[in-house]
Protein chains: 2
Amino acid sequence: MTVARLGERGVIRRIVERLGPIAPASGRLIAGPGDDAALIEPAAGRLLVATADLLIEAVHFRREWSPPALLGHKALAVNLSDLAAMGALPIAFLLELGLPGDWPEADLDGFLDGMGALARREGIAPAGGDTVTSERLHVGITALGAVEPGRVLRRSGGRPGDRLAVSGPLGASSAGLRLLEQGWRLRTDGEAVPPRAGSSRDLPRAVAGRLLRAHLAPCVDLAAGQALAGWASAGLDLSDGLSQDLHNLCEASKCGAVIDAALLPLDPDARAAFALLALDPEIAGLEGGEDYKLLVAVPAAAGDPPAGCALTVVGELSEERLGIHLLRGGGAEPLPRRGFEHFPGP
Amino acid sequence: MTVARLGERGVIRRIVERLGPIAPASGRLIAGPGDDAALIEPAAGRLLVATADLLIEAVHFRREWSPPALLGHKALAVNLSDLAAMGALPIAFLLELGLPGDWPEADLDGFLDGMGALARREGIAPAGGDTVTSERLHVGITALGAVEPGRVLRRSGGRPGDRLAVSGPLGASSAGLRLLEQGWRLRTDGEAVPPRAGSSRDLPRAVAGRLLRAHLAPCVDLAAGQALAGWASAGLDLSDGLSQDLHNLCEASKCGAVIDAALLPLDPDARAAFALLALDPEIAGLEGGEDYKLLVAVPAAAGDPPAGCALTVVGELSEERLGIHLLRGGGAEPLPRRGFEHFPGP
């Protein structure tokens, strides 16, 4: 049974059935799918946070690389990561699906189950959206959350002298992407399958599987975002790679920055994979995207980090005119804005 | 200059420049583009309304049929129509753009200008989104609005005996679509150009131009939605065609319905076009989509319609077990759910 044979109303019915009603972590969903629009009531004294991210086949993912459940997880996770990066609690999401007519029903179900499992775990309620035909599979999600006005984590609050810290190890997702490019695959049962050839084929399967999952189904730490929002001066989620996202934070905060390569918390499995792939692990860690950890600026006066946040200091903010530099091998070199870029310019 | 040469940040800068800051008609936009997510503060005592609609090239539109400014207008208009259909005032929107790298910069600008003009007129502020590469142009918009809790226009409030009324003439959009299919084109300067052949080529250009614009750049009446929200028992916007949308309203309200074909307010220009195209005007009016007028249910006790709403009664709701019928030529026939359907089922 394909999507085309389900029909539009069949697809919508399937979405409503499999995602089911989910109690939001914040606020109230007054009306979800089935009307012209969703009705949401954010809690009193809260700001509403809205974010949208789009995953398009052949641009952001390949259907043959990702088990459908992981794709469903990831499409929602990247949006939850933006809520986390604002210190917000999830309320509801809208799902905008472009579906090729020949997509198998079982894949649609797997996709929805992966998304639903994450939605239930984080308390974000499906609230409507749009379902259309499309040559390529694409998944747009708009996530809505709420945050207390005094506890928003903006990009613009950093000041020279603030330490820069990341909320977890880097590089696992981009190592996973390199493994996919070399021919590694993750089966639907979770087992990693090595390619016939390629420098990485002798990587232990368990290690490869962890890296593939880091790329195909990233974890998002909403609690860390909420904890850091009351404590850090600025922050964002690492989606485009540390080097590019650092530029974004510095631009918004009107600061320069210095990062110490020796302090970067590279994921050990990623380091092993980069070694087999003959890639410079520090550069790969700096430029690899989709880690979905948080990068925060921390004022000197901030005191100890909130409980449960494993932060690693990687550098500090400086005066804007000093630019953005990487300390490495005893010297300082300019750190260019590099990482994933749609429409790379001239 | 193409989109690919502008680069991702160039595209985003262009969006921010050309859409510019816009004061929302309701609530406050605390932070728009430039952070991980937008921050919105709906007014006190208001519900937040969220809706998303996706337009994909080759599915919803053809690039060669639509001047870019009209496409920008329409992508936002179809979302505003869902806010209108809830009785909501606009606050902000997120723009999710999938752009082919070879799309000319001038077309991107025209698209944004068309969208910006409508956004300014209706007071809906651009608040962020996502911009990615894509083989086909596609435009996803999430619109956020606010409504007073006691004045929401739901689909589910209709009761047997309520009159059914539409807020404007029908058929102009679907007539415009038929003209495009016959080869009519709307030039960027607004002039309609007839095809070399086809039964409609002798239609006056001014008439054809009006119908083409009705399809390519539909008008949305937000004020009518707000006025009707306090007065009608149920309502929705006519996007898929009266026959299909009536089924949606009846399903949500658990009612049947009778529509009188003789009462349908067919647009006179559409009637002229349907005649040349040898189409049954009543059926074309019932099944043609994208009119973006409102269909409302009105209780007998409701009294006179609100000032400024030109309503036409077309039938009434009945008991659910009686089904949905069309009165025509002295008899009653079942009115099937027919109209635009993605993935038409088996």
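Cut-offs applied
- Residues numbered from 1 in each chain as written.
- Chains lettered and ligands numbered in written order.
- Predicted model: local features only at pLDDT ≥ 70, side-chain atom pairs only at ≥ 80, totals over all residues.
- Heavy atoms only, no water.
- Helix = DSSP H or I, 4+ residues; strand = E, 2+ residues; numbered from the N terminus.
- Rg over C-alpha atoms; globule rule 2.2 N^0.38 Å.
- Buried < 20%, exposed > 50% of the residue type's maximum accessible area, 1.4 Å probe, protein only.
- Contact = heavy atoms within 4.5 Å.
- Salt bridge = Lys/Arg side-chain N within 4 Å of Asp/Glu carboxyl O.
- Polar contact = N/O pair within 3.5 Å; in protein donor to acceptor, adjacent residues only side chain to side chain.
- Nonpolar A, V, L, I, M, F, W, Y, C, P; charged D, E, K, R; others polar.
- Phe/Tyr/Trp six-rings, centres within 6.5 Å; stacked < 30°, edge-to-face > 60°.
- Expected span 1.5 Å × (residues − 1).
- Pairing = 2+ DSSP bridges.
- Axes fitted to C-alpha atoms, helices over the stretch in contact; angles between N-to-C directions.
- Least-squares fit on C-alpha atoms with pLDDT ≥ 70 in both.
- Left-handed = near helix turned anticlockwise from the far one by under 90°.
- Parallel < 35°, antiparallel > 145°, perpendicular 65-115°, else oblique.
- Lys, Arg positive; Asp, Glu negative; His and termini not counted.

(A) Here's a closer look at the overall build of chain A. Within chain A, the regular secondary structure consists of 10 helices and 15 strands. Over its C-alpha atoms chain A spans a radius of gyration of 21 Å, differing by no more than 12% from the 20 Å that the globule rule assigns to 346 residues. Its C-alpha atoms put chain A at 65 × 60 × 40 Å along the principal axes. Scored against the burial criterion, the 346 residues of chain A give a buried share of 56%.

(B) A look at the interface of chain A and chain B. With 67 residues of chain A in contact, the opposing surface of chain B contributes 67 residues. The salt bridge partner of Asp35 of chain A is Arg155 of chain B, with a shortest N-O separation of 3.9 Å. Summed over the shared surface of chain A and chain B, the number is 19 residue pairs in polar contact (both at pLDDT 80 or more). Taken together, the residues of the side of chain A that touches chain B sort by class into 34 nonpolar, 15 polar and 18 charged.

(C) The arrangement of the packing of aromatic side chains in detail. Residue and element names in this part refer to chain A. As enumerated under the stated definition, the model contains two aromatic pairs over all chains in all. Consider the rings of Trp103 and Phe111, whose centres lie 5.7 Å apart with planes at 70°: the pair is edge-to-face. Neither Trp103 nor Phe111 differs from the other in exposure class; each is buried.

(D) Examining the pattern of salt bridges more closely. In total, this model carries 46 salt bridges over all chains according to the counting rule given. In this structure, Glu135 of chain B engages Arg136 of chain A in a salt bridge whose closest nitrogen and oxygen atoms are separated by 2.7 Å. With Glu135 of chain B in the loop between β5 (125–133) and β6 (138–147) and Arg136 of chain A in the loop between β5 (125–133) and β6 (138–147), this residue pair bridges two chains. Residue Asp269 of chain A is joined to Arg210 of chain A by a salt bridge in which the shortest nitrogen-to-oxygen separation is 2.6 Å. In this pair, Asp269 of chain A is assigned in helix α9 (residues 268–276) and Arg210 of chain A in helix α6 (residues 205–216), connecting sequence segments 59 residues apart.

(E) Here's a closer look at helix α6 (residues 205–216) of chain B. Here α6 of chain B contains 12 residues, and its C-alpha end-to-end distance of 16 Å stays within 8% of the 16 Å for a straight helix at 1.5 Å per residue. By the burial criterion, the buried members of α6 of chain B are Val207, Ala208, Gly209, Leu211, Leu212, His215 and Leu216 of chain B.

(F) Structural detail: the sheet that holds strand β4 (residues 89–99) of chain A. As summarised here, the arrangement of the six strands in space is β5(A)-β4(A)-β6(A)-β3(A)-β2(B)-β1(B), forming an open sheet in which the pairing is mixed. Whereas interior strands pair on both sides, the edge strands pair on one side only; in this sheet they are β5 of chain A together with β1 (28–31) of chain B. Put simply, the sheet's adjacent strands are angled 20° from each other on average, direction ignored. As defined by bridge partners, strand β3 (residues 47–56) of chain A adjoins strand β2 (residues 38–41) of chain B across three bridges and the pair is classed as antiparallel. Note that in β2 of chain B the partner of Leu48 of chain A across the bridge is Ile40 of chain B. Strands in contact with helix α3 (residues 68–84) of chain A are β3, β4 and β6 of chain A; relative to β3 of chain A, the strand with the most contacts, it is inclined by about 145°.

(G) Looking closely at the side chain of Asp35 of chain A. Relative to the assigned elements, Asp35 of chain A resides in the loop between β1 (28–31) and β2 (38–41). On the accessibility criterion, Asp35 of chain A (12% relative accessible area) is buried. Of the polar contacts made by the side chain of Asp35 of chain A, one reaches the backbone nitrogen of Arg155 of chain B; its length is 2.9 Å. Beyond its immediate sequence surroundings of up to four residues, Asp35 of chain A is in contact with Met86, Leu153, Arg154 and Arg155 of chain B.

(H) Fine view of the relation of the copies chain A and chain B. Relative to chain B, chain A is turned by 180° and slid 0.0 Å along the rotation axis, the superposed coordinates differing by an RMSD of 0.0 Å. Put plainly, the chains are arranged around a two-fold axis. It is Thr142 of chain A whose C-alpha, among those of chain A, lies nearest the rotation axis, at 3.5 Å. Comparing contact sets, 100% of the residues at the interface of chain A also lie at the interface in chain B, consistent with an isologous, same-surface contact.

(I) Quick look at the packing of helix α5 (residues 172–182) of chain B against helix α9 (residues 268–276) of chain B. Residue and element names in this part refer to chain B. Interhelical geometry of α5 versus α9 gives an angle of 40° and a closest axis separation of 9 Å. The way α5 lies across α9 gives a crossing that is left-handed. Every residue of α9 that contacts α5 at Ala172, Ser174 and Ala175 is listed here: Ala270, Ala273 and Phe274. For the contact of α5 with α9, the per-class residue count stands at five nonpolar, one polar and no charged.

(J) Region of the structure containing unusual backbone geometry. All names here are of chain B. Backbone geometry at Ala278 places phi at a positive 60°, although glycine is not the residue there. Following the sequence through the fold, Ala278 ends up in the loop between α9 and α10 (281–287). Ala278 sits in the exposed class, given a relative accessible area of 68%. In this structure, Glu290 is a non-glycine residue whose phi angle is positive, near 65°.

(K) Spotlight on the pairing of β1 of chain A. Residues and elements named next belong to chain A. Strand direction decides the pairing type here: β1 and β2, joined by three bridges, are antiparallel. Residue pairing across strands places Arg28 opposite Glu41, the latter belonging to β2. Between β1 and β2, which follow one another and run antiparallel, lie six residues, and Gly34 among them has a positive phi close to 115°.

(L) Inspection of the pairing of strand β14 (residues 324–328) of chain B at higher detail. All names here are of chain B. Where strand β11 (residues 255–260) lies against β14, four bridges are found, and the strand directions are parallel. When the bridges of β14 are listed, Ala257 appears paired with Ile324. Sheet topology places β14 next to strand β15 (residues 331–334); four bridges connect them, and they run antiparallel. Bridge assignment links Leu327 to a residue of β15, and that residue is Ala332. Between β14 and β15, which pair antiparallel in sequence order, lie two residues; one of them, Gly329, sits at a positive phi of approximately 55°.

(M) How the structure looks around the packing of helix α5 (residues 172–182) of chain A against α6 of chain A. Residues and elements named next belong to chain A. Interhelical geometry of α5 versus α6 gives an angle of 105° and a closest axis separation of 7 Å. Regarding the angle of α5 to α6, the classification is roughly perpendicular. Contact with α5, carried on its side by Ala172, Ser173, Ala175, Gly176, Leu177, Leu179 and Leu180, involves Ala208, Leu211, Leu212, Ala214, His215 and Leu216 of α6 and no other residues of that element. Residues that form the contact of α5 with α6 fall into these classes: 10 nonpolar, three polar and no charged.

(N) Molecular detail of the side chain of Asp245 of chain A. All names here are of chain A. By the secondary structure assignment, Asp245 is in helix α8 (residues 242–253). Of the side chains bearing the opposite charge, Arg155 lies closest to the buried Asp245, which forms no salt bridge; the N-O distance is 5.6 Å. When residues no more than four places from it in sequence are discounted, the contact partners of Asp245 are Leu236, Asp237, Leu238, Ser239 and Asp240.

(O) Structural view of helix α3 (residues 68–84) of chain B. When the terminal C-alpha atoms of α3 of chain B are compared, their 24 Å separation across 17 residues agrees well with the 24 Å that a helix rising 1.5 Å per residue should span. Across the 17 residues of α3 of chain B, 16 count as buried, placing the element largely inside the fold.

(P) Here's a closer look at the environment of Arg46 of chain A. Residues and elements named next belong to chain A. In this structure, Arg46 sits in the loop between β2 and β3. Along the backbone, Arg46 and Arg151 are 105 residues apart, and their C-alpha atoms lie at a distance of 9.8 Å. Look past the residues within four positions of Arg46 in its chain and what remains in contact with it is Ser26, Leu89, Ala146, Val147, Glu148 and Pro149.

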